Amino acid sequence: MKKGWMTFAVVAAAGLVHAAMDPVEGTNVVGFVEIAAPAAKNTIIAVPFEACMQAGVSGKLGDLVSTYGLTGHSSDAALADQLVVLTVDNGSPAYYYYYNDAEDGWTAITTEQIMPDGSKKTLTPPAASAFDVARGQGFWIKRAAGSGSTVYVQGQVSETKQATAIGEGLNLISYASLQSFDLNAIDWTGAAGTNGVSASTDRILVSKGDGSYYTTYHYYTGGSKTEFNGKWVSTTGTIALPAANIPAGQGFWYLRRSGNGAFTFKPDGE
Amino acid sequence: MKKSVLTACLVFLTGVLSSQAVVIGWAAENVLPGTQYASLVYVADGDAPTITDNVWSPGAESLAWNVNAFEGTSLMPQETTDATTRSGAGAYYVVLFNYTLGQYAVSTSALAWNNAAAISTSEFDIITDYFTPSAFSAWTAVPEPSTAMLLMVGAAVAALRRRKHV
């Protein structure tokens, strides 16, 4: 081979390697996130993706949550991994249950639930393939005993800001990030806070992952400790910023104390 | 979604209670001037706890020590785990301390061990109302063992002197 051709080949190969190392960008890019979800535990997960090949469109539950590596069962839902989605059924809050059928994937479970007025109601969720999950919406995964420790969520990567609506009371949400994130690096315009123990302070509850309750953060505003103003702080023991970032794909409770609202999440400084 | 609604829905999340531990939500308002730390104390008989010679009264257990998340005259919300199963007349009190002066003050109200709003029994039972006492007893001096011992020694010396004079 001539020296010129060899040089061309080396440069071309280097270019290909460099291209392979570049971050993936652009539309219609699909991806996945691995989320820690230990066996025999309940974990709040949140999908940071949209529908595949449909930018700006909510994905379907059955498409977004992979059954890869999960425990399935063909006849007994109680022995399979389950998804539990907090939603609204005919105007009332309700949980929809799905289990991982060994052959059919996520399959709706008919349950009898107690409704806000005390009555019992039989709920049959829509098929997982038809249930919309907005980017950033959280829900529970209940891992069966003896199952694995991770779950994968997948879909189309979105580069747009995330609009998340919240209602008064408890909401399961997350910031739809593909990487772990700092609660205080997100734009929380619209969060309600005080500098005391007022019942009007919004709260975020992050699961500890071991079934032992949560780490609670309060939105601190207008206090004497100015370094905490406009930030989520833990207050148990002493007042402090969060000690750790929240992993990608992990959801949390947002306790809205008064009125409906919405957040437009975007990275700090954007 | 209101807690009652949520709780109603969550009864179907079976098998979630992995232990008997509960989490108590507590705070305080109008803490006394000079307060440096706070503590959550459980008392088996429900009566306000006392301290003698640096020891709690019988049946009293301190569950959270040296809490100092104060903002002005408020103690910001605390969440403390109690791993012991409680029953009967048991109740929780908030106790304030001024270590510099060796004083303590006890909340005039208590939280029953089974209060549903301020005590969580599982990760699906979220605390909505923190136990927030706003009135406390007056500062009470904590007699330290050394002080008590000196008093006893002093009393013994005085008694011996009286005996010698007799």
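On a predicted model such as this, the values are computed, not experimentally measured, just so you know. Residue numbers run consecutively from 1 along every chain, following the written order of its sequence. To label them, take the chains in the order written and letter them from A, then take the ligands in the order written and number them from 1. Per-residue local features of the predicted model are confined to residues with pLDDT of at least 70, and side-chain atom pairs are confined, for both listing and counting, to 80 or more; whole-chain, interface and lining totals are unaffected and use all residues.

Novice: Explain the overall build of chain B to me, please; I cannot follow it from the model alone.
Specialist: A run of H or I in DSSP counts as a helix once it spans at least four residues, and a run of E counts as a strand once it spans at least two, with each numbered from the N terminus. Counting its regular elements, chain B contains two helices and twelve strands. The linear arrangement of helices and strands in chain B, starting from the amino end, is α-β-β-β-β-β-β-β-β-β-β-β-β-α. The burial label depends on the number of other C-beta atoms within 10 Å of a residue's C-beta. Counts of 20 or more mean buried, 12 or fewer mean exposed, and intermediate counts mean partly exposed, with C-beta atoms placed from the backbone. Burial status across chain B gives 36% buried among its 166 residues. Distance between backbone-placed C-beta atoms decides contact: two residues are in contact if it is within 7 Å. Of the contacts formed within chain B by residues at least 6 apart in sequence, a portion of 73% connects residues at least 24 apart.

Novice: How should the overall build of chain A be read in this particular structure?
Specialist: Of regular secondary structure, chain A possesses two helices and 18 strands. Out of the 270 residues belonging to chain A, those deemed buried represent 41%. The long-range share in chain A, meaning contacts at least 24 apart out of those at least 6 apart in sequence, stands at 69%.

Novice: Would you explain the sheet that holds strand β6 (residues 105-109) of chain A in this entry?
Specialist: Sheets are built from strands that pair by backbone hydrogen bonding, the pairs being arranged parallel or antiparallel. All names here are of chain A. Pairing is antiparallel in the open sheet, where five strands are placed in the order β2-β10-β4-β5-β6. Pairing within the sheet leaves two strands with one partner each, and these edge strands are β2 (42-46) and β6. Taken over all neighbouring pairs, the strand axes of this sheet differ in orientation by 35° on average, direction set aside. For two strands to be treated as a pair, DSSP must find no fewer than two bridges joining them. With five bridges joining them, strand β5 (residues 92-101) and β6 adopt antiparallel strand pairing. Bridge pairing in β6 places tyrosine 98 opposite alanine 108. Whenever a helix is involved, its axis is fitted only over the stretch in contact; in every case the axis is a line through C-alpha atoms, and angles between N-to-C directions fall within 0 to 180 degrees.

Novice: Please clarify how the sheet that holds strand β6 (residues 70-71) of chain B should be interpreted in this entry.
Specialist: Residues and elements named next belong to chain B. On the basis of which strands lie adjacent, the open sheet formed by four strands has the order β6-β7-β1-β11 and antiparallel pairing. The open sheet has two edge strands, β6 and β11 (119-120), and neither has a second partner. Pairing geometry for β6 and strand β7 (residues 74-82), over two bridges, is antiparallel. Following the sheet pairing, glutamate 71 is matched in β7 by serine 74.

Novice: I keep staring at the interface of chain B and chain A and nothing clicks. Help me out?
Specialist: By a frequent convention, interface size equals the accessible area lost on bringing the separate parts together. Each partner contributes to the interface: chain B provides 30 residues, whereas chain A provides 31 residues. Sorting the residues of the side of chain B that touches chain A by element identifies α1 (3-10), β1 (22-28) and β7 of chain B as the ones contributing at least two each. Under the scheme applied, nonpolar residues are Ala, Val, Leu, Ile, Met, Phe, Trp, Tyr, Cys and Pro; charged residues are Asp, Glu, Lys and Arg; polar residues are all the others, including Gly. For the side of chain B that touches chain A, the residue count by class is 18 nonpolar, seven polar and five charged.

Novice: Would you take a moment to explain the environment of serine 134 of chain B for this structure?
Specialist: Residues and elements named next belong to chain B. Looking at the secondary structure, you find serine 134 in the loop between β11 and β12 (140-141). Along the sequence, serine 134 and aspartate 82 sit 52 residues apart, while their C-alpha atoms lie 23 Å from each other. Dropping the residues within four chain positions of it, serine 134 is found in contact with Glu29 and Asn30.

Novice: Explain the environment of tyrosine 213 of chain A to me, please; I cannot follow it from the model alone.
Specialist: Looking at where tyrosine 213 of chain A falls in the secondary structure, it is placed in the loop between β14 (203-207) and β15 (214-220). Taking the number of C-beta atoms within 10 Å as the measure of exposure, tyrosine 213 of chain A has 22 and is therefore buried. Excluding anything up to four places from it in sequence, tyrosine 213 of chain A contacts Lys208 of chain A together with Val23, Ser120 and Glu123 of chain B.

Novice: Hey, could you run me through unusual backbone geometry in this one?
Specialist: Leaving glycine aside, a negative phi is the common case for residues, and trans is the common case for peptide bonds. Residue and element names in this part refer to chain A. We note that methionine 53 has phi near 65°; this positive angle belongs to a residue other than glycine. By secondary structure assignment, the location of methionine 53 is in the loop between β2 and β3 (59-60). Note on methionine 53: 11 C-beta atoms within 10 Å, which makes it exposed. Phi is positive for asparagine 90, which is not a glycine, with a value near 50°.

Novice: How do you make sense of the pairing of β1 of chain B when you look at a structure like this?
Specialist: When a strand is regular, its side chains alternate between the sheet's two faces. Residues and elements named next belong to chain B. Counting buried residues along β1, seven of its seven residues qualify, which places the element largely inside the surrounding structure. By the alternation rule, side chains of β1 split into Val22, Ile24, Trp26 and Ala28 and Val23, Gly25 and Ala27, which are all buried. Alignment of β1 against β7, held across six bridges, turns out to be antiparallel. The partner of isoleucine 24 across the bridge, within β7, is threonine 80.

Novice: Got a minute to help me understand the confidence of the model for chain A in this structure?
Specialist: Caution applies to low-pLDDT parts of the model: their predicted coordinates are not meant to be read in detail. Residues and elements named next belong to chain A. A score from 0 to 100, pLDDT tells how confident the predictor is in each residue. Residues of chain A with pLDDT of at least 70 account for 89%, and the chain-wide mean is 87. Looking across chain A, the model is least confident in helix α1 (residues 3-21), with a mean pLDDT of 46, and most confident in β6, with 97. A low-confidence stretch, residues 10-24 (pLDDT under 50), is modelled with one contact involving residues beyond four sequence positions or located in other chains.

Novice: Looking at this structure, how should I read the confidence of the model for chain B?
Specialist: Residues with a pLDDT of 70 or more make up 75% of chain B, whose mean pLDDT is 83. pLDDT under 50 marks residues 1-19 of chain B. Its contacts with residues more than four places away, or in other chains, come to 31 contacts.

Novice: Would you mind going over the environment of serine 174 of chain A with me for this structure?
Specialist: All names here are of chain A. Here serine 174 is to be found in the loop between β13 (169-173) and β14. Overall, the presence of 27 C-beta atoms within 10 Å leaves serine 174 in the buried class. Between the C-alpha atom of serine 174 and that of serine 212, which follows or precedes it by 38 residues, the distance is 20 Å. If near-sequence neighbours (up to four positions away) are discounted, serine 174 is found in contact with Ala46, Gly136, Gly138, Gln250, Gly251 and Phe252.

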